[in-house]
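Overview (structure and organization)
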Amino acid sequence: MTAAAKWETVIGLETHVQLATVSKMFCGCSTAFGAPPNTNVCPVCLGLPGALPVPNEQALKLAARAALALGCTVHARSVFARKNYFYPDLPKGYQISQFEQPLATGGALEFLSAERGPVKVSIHRLHVEEDAGKSLHDRIPRATAVDLNRTGVPLIEIVTGPDLRSPQEARDYLRTLKQVLEYVQVSDCDMEKGSLRVDANVSVRRAGETELGTKVEVKNINSFAYVEKALALARDRQIAELEAGGTVAQETLLYDAKSHAVRSQRAKEESHDYRYFPDP
């Protein structure tokens, strides 16, 4: 038996999907892709003092449509929350998201796995949030620029249970999810434009065990092929560490498509690190 065969891979995905609206989540700025940097902005999405956000009704309708397409229960009451963290592309110092009371929970999506046949993946939650801006590392020598056009663009985040068992299954699930969301006209799911982005949680455990291992999160994945490659790298990294008698650190990894490598970015945050509270 090979080293890899001794281990079972466990994967859960967090998929961020841009909703097909012409204006942002809490203001009237355009969501058009490709505009000159920092032109689709206003006091609301820049977080200037005294600016008041107003929810985009069409975004909420599209989010509810996506939830129903995935068999979720849409709750009569859901609450926006402030997710606090400090990063150059987040002008308010917090992101308006949802936490304890999301828009929808308890759905499922079935796809065809080449390894296991029909597989039903549980949808733990689907919530609404605004996007952050974008840091640009190739515009100014030895400096980072910030484009805030994406700040406030409406997103849904779709969080699965730990139901996937291989990088190939993760890719197949995402392909099916994309088809569903495009069919119900919720999003164009164009990964090149950032309309669909994936964060993946992966852990390994010995074959036959039921307890989950320590998970790492892989970010910065911008194609389905890269999802499969990045997860394979993260999985093999964990197996090698455990085979050598070490332990897996809970951390966030970035995938570099040019070098086909993953590198540690930071220790993995927990929900309390974001100091969530209801957005007034």
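Residue positions are given per chain, counting from 1 as you read along its sequence in written order. Residues qualify for local features only when their pLDDT is at least 70, as the model is predicted, and side-chain atom pairs are given and counted only at 80 or more; totals for whole chains, interfaces and linings, by contrast, use all residues. Values reported for side chains reflect all heavy atoms of the structure, with hydrogen atoms and water molecules removed beforehand.

Thoughts on empty space enclosed by the protein
Note the threshold: Lining residues are defined by having an atom within 4 Å of a point belonging to a cavity or pocket. Those points lie on a 1 Å grid over the protein atoms alone, cavities being sets where a 1.4 Å probe fits but cannot get out and pockets being open sets with protein on both sides within 12 Å along at least five of seven lines. Grid points are joined across faces, edges and corners, and a volume is the space filled by probe spheres set on the points. Each residue is assigned to one of three groups, with Ala, Val, Leu, Ile, Met, Phe, Trp, Tyr, Cys and Pro labelled nonpolar, Asp, Glu, Lys and Arg labelled charged, and all others, Gly among them, labelled polar.
Applying the stated criterion across every chain yields a total of one cavity of 30 Å³ or more. Computed from the structure, the largest cavity encloses a volume of approximately 30 Å³. The wall of the largest cavity is formed by Leu 90, Pro 91, Lys 92, Tyr 94, Gln 95, Glu 130, Asp 131 and Thr 151. When grouped by side-chain class, the residues that make up the lining of the largest cavity number three nonpolar, two polar and three charged.

Notes on the environment of Asp 256
Stated precisely, the cut-off is as follows: Put simply, DSSP marks the helices as runs of H or I at least four residues long and the strands as runs of E at least two long, and each gets a number from the N terminus on. Any two residues having at least one pair of non-hydrogen atoms within 4.5 Å are treated as being in contact. Any pair of nitrogen or oxygen atoms within 3.5 Å is treated as a polar contact; in protein, a donor-acceptor pairing is required on top of that, and neighbouring residues in sequence qualify only through side-chain atoms on both sides.
If you trace the backbone, Asp 256 turns up in strand E12 (residues 251–256). Measuring from C-alpha to C-alpha, the distance between Asp 256 and Asp 89 comes to 20 Å, with 167 residues separating the pair along the chain. Beyond its immediate sequence surroundings of up to four residues, Asp 256 is in contact with Ala 261 and Arg 263. Among the polar contacts listed, one links the side chain of Asp 256 to the side chain of Ser 259, at a separation of 3.4 Å.

Structural notes on helix H2 (residues 167–183)
Definition in use: Take the number of residues in a helix, subtract one, and multiply by 1.5 Å to get its expected span. The rule is simple: take the accessible area with a 1.4 Å probe, protein chains only, and divide by the maximum for that residue type; under 20% is buried, over 50% is exposed, in between is partly exposed.
With 17 residues, H2 should cover 24 Å at 1.5 Å per step; its first-to-last C-alpha distance of 25 Å lies within 8% of that length. Among the residues making up H2, those that are buried are Pro 167, Glu 169, Ala 170, Asp 172, Tyr 173, Leu 174, Thr 176, Leu 177 and Leu 181. Remark: Gln 185 follows H2 within two positions and exhibits a positive phi of approximately 60°.

So, the layout of surface pockets
Within this model, the second largest pocket holds a volume of roughly 240 Å³. Its residues assigned to classes, the lining of the second largest pocket shows twelve nonpolar, three polar and four charged.

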